[in-house]
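Listed below, chain by chain, are the residues.
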Amino acid sequence: MSDSRRFADSGATLGDFEKHFVVHCPRCEGKALVRADDHRLTCLACFHTENPGRWYGAARLVVRRKCPECGVQGMSVFETDRIVPQISVKCDNCGDERNYATSVTPLPFSQGWKTDPVFGCRLWLQTNFREHLLWAYNYEHLAYLRNFVQAKLRERGIEPRNTIRKNSSMISRLPVFLKKAGYRDELTVLIDNLEKK
Ligand SMILES: [Zn+2]
Ligand SMILES: [Zn+2]
């Protein structure tokens, strides 16, 4: 069958697209690349480079504490747009307020946008679609999503070596809205625009 819009699931997983990430530069907001091998960021606009170590994205901060005044133990959880090493917490029991060290968990979204897993910078290739967010780590990932959205026929890959990976295959885990035939034309236009970014 020669239908070029036929989509054979190659068994790709999201991990296959995590080779590099196209992001907004933390310095100038221009287009920057984060490589997955050495985790280095290079801005194509201002030529800023950065080694990993800083997290620009959102984070969940947890404070576990025993109040030094009354001895009551407690735990507080905050979600913030940036990491802060200490945070002020008030004791529910006695009202004592002081700074406590936080334990930090990076979050994959910041202010409604998907961020890269190395620096937490906002992904370059993303856009709102209805109540959803369409995002891709890089142009290869975007091309993969385009093929999926445009395919008239979708079938699972039957290449023998893919069988082991079938269960973790990305298609089964793609957001449901990408699979809706009624959204195909709208999504194609959005992906076209992202490809030109
Ligand atoms: Zn820059
Ligand atoms: Zn207390």
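Heads up: these notes are all about the structure in this document. (Residues numbered from 1 in each chain as written. Chains lettered and ligands numbered in written order. Predicted model: local features only at pLDDT ≥ 70, side-chain atom pairs only at ≥ 80, totals over all residues. Heavy atoms only, no water.)

1. Quick word on the pattern of salt bridges
Under the counting rule described, the total for this entry stands at nine salt bridges. Here Arg35 ties to Asp37 by a salt bridge, and the two come within 3.3 Å at their closest N and O atoms. Given a relative accessible area of 39%, Arg35 falls into the partly exposed group. On the basis of relative accessible area, Asp37 is assigned to the exposed category, the value being 66%. With a closest N to O distance of 3.1 Å, Arg146 and Glu195 form a salt bridge. (Salt bridge = Lys/Arg side-chain N within 4 Å of Asp/Glu carboxyl O. Buried < 20%, exposed > 50% of the residue type's maximum accessible area, 1.4 Å probe, protein only.)

2. What to know about unusual backbone geometry
One non-glycine residue, His39, lies in the positive phi region at around 65 degrees. Structurally, His39 is set in the loop between β3 (31–35) and β4 (41–43). One non-glycine residue, Gln111, lies in positive phi territory at about 50 degrees. Looking at where Gln111 falls in the secondary structure, it is placed in the loop between β11 (109–110) and β12 (113–114). Taking the relative accessible area as the measure of exposure, Gln111 reaches 64% and is therefore exposed. (Helix = DSSP H or I, 4+ residues; strand = E, 2+ residues; numbered from the N terminus.)

3. A few points about the coordination of the zinc ion (ligand 1)
The coordination sphere of the zinc ion (ligand 1), as far as protein atoms go, consists of Cys25 (SG), Cys28 (SG), Cys43 (SG) and Cys46 (SG), spread over 2.3 to 2.4 Å. In this structure, the zinc ion (ligand 1) is coordinated by four donor atoms arranged in tetrahedral fashion, with angles at the metal of 104 to 114 degrees. The sequence pattern formed by the donor residues of the zinc ion (ligand 1) is C-x2-C-x14-C-x2-C. Note on Cys43: relative accessible area 1%, which makes it buried. (Donors = N, O, S within 2.8 Å, 3.2 Å for Na, K, Ca; no water. Tetrahedral: all angles 85-135°; square planar, octahedral: opposite > 155°, others 65-115°.)

4. Here's the deal with the packing of helix α1 (residues 139–150) against helix α2 (residues 184–195)
A pair of packed helices can be characterised by two numbers: the angle between their axes and the separation between those axes. The geometry of α1 relative to α2 is characterised by a closest axis approach of 10 Å and an angle of 160 degrees between their N-to-C directions. Here α1 is positioned roughly antiparallel relative to α2, judged by the angle of their axes. Between α1 and α2 lies a crossing whose hand is left-handed. Taking contact as the criterion, the partners of Tyr139, Leu142, Ala143, Leu145, Arg146, Val149 and Gln150 in α1 are, on α2, Arg184, Leu187, Thr188, Ile191, Asp192, Leu194 and Glu195. Residue composition of the contact of α1 with α2, grouped by class: eight nonpolar, two polar and four charged. (Axes fitted to C-alpha atoms, helices over the stretch in contact; angles between N-to-C directions. Parallel < 35°, antiparallel > 145°, perpendicular 65-115°, else oblique. Left-handed = near helix turned anticlockwise from the far one by under 90°. Contact = heavy atoms within 4.5 Å. Nonpolar A, V, L, I, M, F, W, Y, C, P; charged D, E, K, R; others polar.)

5. Thoughts on the coordination of the zinc ion (ligand 2)
Note on the zinc ion (ligand 2): its protein donors are Cys67 (SG), Cys70 (SG), Cys91 (SG) and Cys94 (SG). The metal-donor distances range over 2.3 to 2.4 Å. Around the zinc ion (ligand 2) sit four donor atoms; with metal-centred angles ranging over 105 to 114 degrees, the donor geometry is tetrahedral. Within one chain, the residues donating to the zinc ion (ligand 2) are spaced in sequence as C-x2-C-x20-C-x2-C. Using a relative accessible area of 7% as the deciding quantity, one classes Cys91 as buried.

Don't take any of this as a statement about function, it's just geometry.
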